[in-house]
Amino acid sequence: MAIIDLANPSRFLTLAGRLLPWLIGLTALAFAAGLSLTPGAPNDYQQGATVKIMFIHVPSAWLGMFGWGLMSIAALGTLVWRHPLADVAAKAAAPIGAAFTFMCLVTGMLWGRPRWGAYWVWDARLTSVLVLFLMYLGVIALWRTVDDPSRSARAAAILTLVGAINLPIIKFSVDWWNTLHQPASVLRLGGPTIHPSLLAPLLVMALAFLLLFLTLHLAAMRNEIMRRRVRTMLMLQAEAAGR
């Protein structure tokens, strides 16, 4: 099947139906592997067992940004290429990305309490991630407010592209400003600075969360396509009854 064929919702639904069982299985295996590795990871000499919060916090932060990046690409597909499934992809990714961003904030507060003595500080990294979460809520509210799918798609796409400016701010906030948040220790030019005993379970958990994101996103796209088909059928029935 050529990639261009996926612009056809029916063919996309067929492909999604074939991929979802495999994705669910791979996600379960990845989580089983990650959860078997995390108990054996050593405690930090300063943070103790609280360092293991990063096995949830870090993947959630990555996927919160990944979700908005995916929506930004879909926004270009809506505005530039008029791809019929671009808006579906963006709308399906928004609540999933918001959930991971919220998880990032909550686990960050739990991790920050023993490290900084407070659940929340107006740190540049924390504040920019909070802004990302609020932008997710704004886009979701926009889709729910505007009834016309084409109008809401364009408006949400523009807001998404404007909000994409926040992604490099989140990434480089620890480099641009004097913050309490530690600098990058995994995705950096000089290589990871985390000990392999902690890095290995972190990467496995990151893979598990990524597979979970993809599984949920594919299922949400399929549900959104079916919802729109039902909406179209109801509108046609209403028009036929009014004649």
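Residues numbered from 1 in each chain as written. Predicted model: local features only at pLDDT ≥ 70, side-chain atom pairs only at ≥ 80, totals over all residues. Heavy atoms only, no water.

Regarding the overall build of the protein chain
Moving on, step 1. Assigned secondary structure in the protein chain consists of 7 helices and 0 strands.
Moving on, step 2. Secondary structure elements of the protein chain, listed N to C terminal, follow the sequence α-α-α-α-α-α-α.
Moving on, step 3. Reported as C-alpha extents along the three principal axes, the dimensions of the protein chain are approximately 75 × 35 × 30 Å.
Moving on, step 4. Looking at the protein chain residue by residue over its 243 residues, the buried ones come to 40%.
Moving on, step 5. Excluding contacts between residues fewer than 6 apart, the proportion of contacts in the protein chain whose partners are at least 24 apart in sequence is 75%.
Moving on, step 6. Between the averaged position of the 19 positive side-chain charges in the protein chain and that of its 9 negative side-chain charges there is a distance of 3 Å. (Helix = DSSP H or I, 4+ residues; strand = E, 2+ residues; numbered from the N terminus. Buried < 20%, exposed > 50% of the residue type's maximum accessible area, 1.4 Å probe, protein only. Contact = heavy atoms within 4.5 Å. Lys, Arg positive; Asp, Glu negative; His and termini not counted. Charge placed at Lys NZ, Arg CZ, Asp CG, Glu CD.)

Quick look at the pattern of salt bridges
Moving on, step 1. For the coordinates displayed, the defined rule picks out 4 salt bridges.
Moving on, step 2. Between Glu-224 and Lys-91 there is a salt bridge; the shortest N-O distance is 3.4 Å. Of this pair, Glu-224 sits in helix 7 (residues 196–242) while Lys-91 sits in helix 3 (residues 86–116), placing them 133 residues apart in sequence.
Moving on, step 3. Glu-224 sits in the buried class, given a relative accessible area of 10%. (Salt bridge = Lys/Arg side-chain N within 4 Å of Asp/Glu carboxyl O.)

Focus: the packing of helix 2 (residues 54–79) against helix 6 (residues 166–176)
Moving on, step 1. Running from N to C, helix 2 and helix 6 cross one another at 155°; their axes reach a closest spacing of 10 Å. In terms of axis orientation, helix 2 runs roughly antiparallel to helix 6. The hand of the helix 2/helix 6 crossing is left-handed. On the side of helix 2, the interface is formed by Met-65, Trp-68 and Gly-69, while helix 6 contributes Leu-167, Ile-170 and Lys-171.
Moving on, step 2. Taken together, the residues of the contact of helix 2 with helix 6 break down into 4 nonpolar, 1 polar and 1 charged. (Axes fitted to C-alpha atoms, helices over the stretch in contact; angles between N-to-C directions. Parallel < 35°, antiparallel > 145°, perpendicular 65-115°, else oblique. Left-handed = near helix turned anticlockwise from the far one by under 90°. Nonpolar A, V, L, I, M, F, W, Y, C, P; charged D, E, K, R; others polar.)

Quick look at a nonpolar patch on the surface
Moving on, step 1. A cluster of nonpolar residues, Phe-66, Leu-207, Leu-210 and Leu-214, forms a patch on the protein surface that exposes about 310 Å² of accessible area.
Moving on, step 2. Broken down by element, the residue count for the nonpolar patch peaks at 3 residues, all from helix 7.
Moving on, step 3. For Leu-214, the position within the fold is in helix 7.
Moving on, step 4. The class for Leu-214 is partly exposed, based on a relative accessible area of 34%. (Patch = residues over 30% accessible without salt bridge, like charges linked within 9 Å, V, L, I, M, F, W, Y side chains within 5 Å. Areas by Shrake-Rupley, 256 points an atom, 1.4 Å probe, with all protein chains shown as cover.)

Some points on the environment of Phe-102
Moving on, step 1. Within the secondary structure, Phe-102 sits in helix 3.
Moving on, step 2. On the basis of relative accessible area, Phe-102 is assigned to the partly exposed category, the value being 45%.
Moving on, step 3. Separated by 67 residues in sequence, Phe-102 and Leu-35 place their C-alpha atoms 21 Å apart.

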